[in-house]
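Residue-level structural notes
Listed here are the chains, written in short residue letters.
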Amino acid sequence: MAGCDPRAWSLGGTPIGELYLVYGRAHKQLTERGIEIGRSYVGEYRTSLDMAGVCVTLVRLDDEISDLLAAPAEIPIRVF
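First, a word on scope: everything that follows refers to the structure included in this document. In this text, all values refer to a predicted model and were calculated from it rather than measured experimentally. (Residues numbered from 1 in each chain as written. Predicted model: local features only at pLDDT ≥ 70, side-chain atom pairs only at ≥ 80, totals over all residues. Heavy atoms only, no water.)

Overall, mixed pairing links the 3 strands, which are arranged E2-E1-E3 in an open sheet. Each end of this open sheet is capped by a strand with a single partner; those strands are strand E2 (41-43) and strand E3 (51-60). The average undirected angle you get between the axes of adjacent strands in this sheet is 10°. With 3 bridges joining them, strand E1 (residues 4-11) and E2 adopt parallel strand pairing. In the sheet register, Trp-9 faces E2, and the bridge partner there is Gly-43. Running at roughly 155° to E1, helix H1 (residues 16-32) makes contact with E1, E2 and E3 of the sheet. (Pairing = 2+ DSSP bridges. Helix = DSSP H or I, 4+ residues; strand = E, 2+ residues; numbered from the N terminus. Axes fitted to C-alpha atoms, helices over the stretch in contact; angles between N-to-C directions. Contact = heavy atoms within 4.5 Å.)

Below you can see the structure in the form of structure tokens.
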């Protein structure tokens, strides 16, 4: 089965500890299904006036997507 990059992120109002709890649950369920995990992404990647809640995004990986995600990038607020 293809690998994936799970992401747990919020809109600013959810504590980082809660995001890691959600990520941990997603990671466990994916690995139990035999899905290989690539990078993990946990944090506030978008904000909206401290809105509460958690979003989980799964990015299915292939060679092209993996290379693009690993490439250096610069944006005004963060350097990956």
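Next comes the rest of the write-up.
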